[in-house]
Amino acid sequence: MTAELIAPEWMHRQITSEQYDSWTEEQCAGIEIVDGMVVVSPSASKRHNRLARLLANALDDAGGIEWNADTDFDVRLQDVPLNNRRPDVVVYRADTIDESPTRPDHVLLVVEVVSPGSETTDRMVKPDQYAKAGIPFYWRVEQAAGRVPIVHTYVLDEAEAAYRPGELFTGLVKAVVPYPVTVDLSGL
């Protein structure tokens, strides 16, 4: 059986932002659009989802009324060719909660929890795309069963349109993004 027999026809052609915006939430779940092409992501593990939720909750609590932190929605990095990414956690301006799509200028921080199969994308491709879009902060979380997650933080160097390394955290994260946030990941 070939991929063409399994994958729907629309997955083999470039998608415009207008086409994507007409799709249902069910069609958009679990996919990203990169250079107009659909990229399907496998379902995340329970450990991955729990880690993303703990981070989102801590970031949301610390953000006060100005910032929201959520999981599982698109960030529109560019319209042509369409680049929609679905970070594991997004911290965005609270006053943009009803705006769709979420744009990079709404976003303060994106977090990617690395899973088997996403290592290269989360370590190289996504940070480059997020930096070029102007998102000020990027966190990459490395996880392994039975070990405490490691959080790599990055800060945007606007002149270079690239991230420079920030602090590295193991277990207890005490960071500023620009507001202070503390989250204990040592129990995972």
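Residues numbered from 1 in each chain as written. Predicted model: local features only at pLDDT ≥ 70, side-chain atom pairs only at ≥ 80, totals over all residues. Heavy atoms only, no water.

S.K.: Please give an account of the overall build of the chain that cites residues and values.
M.R.: Within the chain one finds five helices and twelve strands. Rg of the C-alpha trace for the chain: 17 Å, near the compact-globule value of 16 Å for 188 residues, within the 12% margin. Taken along its principal axes, the extent of the C-alpha atoms in the chain is 45 × 35 × 30 Å. When each of the 188 residues of the chain is scored for burial, the buried share is 45%. For the chain, the accessible area works out to roughly 10,200 Å², and carbon and sulfur atoms hold 52% of it. (Helix = DSSP H or I, 4+ residues; strand = E, 2+ residues; numbered from the N terminus. Rg over C-alpha atoms; globule rule 2.2 N^0.38 Å. Buried < 20%, exposed > 50% of the residue type's maximum accessible area, 1.4 Å probe, protein only. Areas by Shrake-Rupley, 256 points an atom, 1.4 Å probe, with all protein chains shown as cover.)

S.K.: Provide a residue-level description of unusual backbone geometry, including the pertinent values.
M.R.: Across the junction of S100 and P101, the peptide omega takes the value 0 degrees, indicating a cis bond. Cis peptide bonds are those with omega within 30 degrees of zero, and the linkage from V177 to P178 qualifies with 0 degrees. Among the structural elements, P178 can be located in the loop between strand 11 (172–176) and strand 12 (180–184). Of note in this structure, D35 is not a glycine but carries a positive phi near 50 degrees. Residue classification places D35 among the partly exposed positions, given a relative accessible area of 42%. The residue A161 is not glycine, and still its phi comes out positive at about 50 degrees. Inspection of the secondary structure assignment puts A161 in the loop between strand 9 (147–157) and strand 10 (162–170).

S.K.: Which residues make up the nonpolar core, and what are the values?
M.R.: Counting 26 residues, the largest nonpolar core has L55, L59 and W139 as its most contacted members. Counting residues in each nonpolar core, the second largest holds 14 residues, with Y92, V107, Y130 and Y154 among its members. (Core = buried A, V, L, I, M, F, W, Y, C linked by side-chain atoms within 4.5 Å.)

S.K.: So, the confidence of the model for the chain: which residues are in play, and what are the values?
M.R.: Overall, the prediction assigns the chain a mean pLDDT of 90, with 94% of residues at 70 or greater. Looking at the elements of the chain, mean pLDDT is at its lowest for helix 1 (residues 3–6), recorded as 50, and at its highest for strand 6 (residues 89–93), recorded as 98. Note on residues 1–5: pLDDT is under 50 here. Beyond four places in sequence and across chains, it has three contacts. (pLDDT = per-residue confidence, 0-100. Contact = heavy atoms within 4.5 Å.)

S.K.: An account of the pattern of salt bridges is requested, with residue identities and associated values reported.
M.R.: Taken as a whole and assessed by the stated rule, the structure comprises 13 salt bridges. Across the pair D21 and R76 runs a salt bridge whose closest N-O atoms are separated by 2.5 Å. Highlighted residues: D21 in helix 2 (residues 17–22) and R76 in strand 4 (residues 75–78), separated in sequence by 55 residues. Given the relative accessible area of 48%, D21 is considered partly exposed. Its relative accessible area of 2% is what places R76 among the buried residues. As a salt-bridge pair, K132 and D128 come within 2.6 Å of each other at their nearest N and O atoms. Residue K132 and its partner D128 are both found in helix 5 (residues 119–133); the two are separated by four residues, about one turn of the helix. On the accessibility criterion, D128 (37% relative accessible area) is partly exposed. Through salt bridges that share partners, E32, R85, E112, D122 and K126 make up one connected network. (Salt bridge = Lys/Arg side-chain N within 4 Å of Asp/Glu carboxyl O.)

S.K.: Summarise the environment of G36; cite the residues concerned and give the values.
M.R.: With respect to the helices, strands and loops of the structure, G36 is situated in the loop between strand 1 (31–34) and strand 2 (37–40). On the accessibility criterion, G36 (0% relative accessible area) is buried. Ignoring sequence-local partners within four residues, the contact set of G36 consists of R13, Q14, I15, P81 and L82.

S.K.: Tell me about the packing of aromatic side chains, residues and numbers included.
M.R.: A ring pair, where both rings are aromatic, is described by two values, the distance of the centres and the angle of the planes. All chains considered together, the criterion is met by five aromatic pairs. Ring geometry for F73 and Y92: centres 5.4 Å apart, planes at 85 degrees, overall edge-to-face. Here F73, found in the loop between strand 3 (67–70) and strand 4, pairs with Y92, found in strand 6; they are 19 residues apart in sequence, far enough to count as distant. Accessibility expressed as a relative area gives 18% for F73, which makes it buried. Accessibility expressed as a relative area gives 4% for Y92, which makes it buried. Between Y138 and Y154, the aromatic rings sit 5.8 Å apart at their centres with planes inclined by 35 degrees, giving tilted as the arrangement. With Y138 in strand 8 (residues 137–144) and Y154 in strand 9, this residue pair connects regions lying 16 residues apart in the sequence. Y154 carries the same exposure label as Y138, and that label is buried. (Phe/Tyr/Trp six-rings, centres within 6.5 Å; stacked < 30°, edge-to-face > 60°.)

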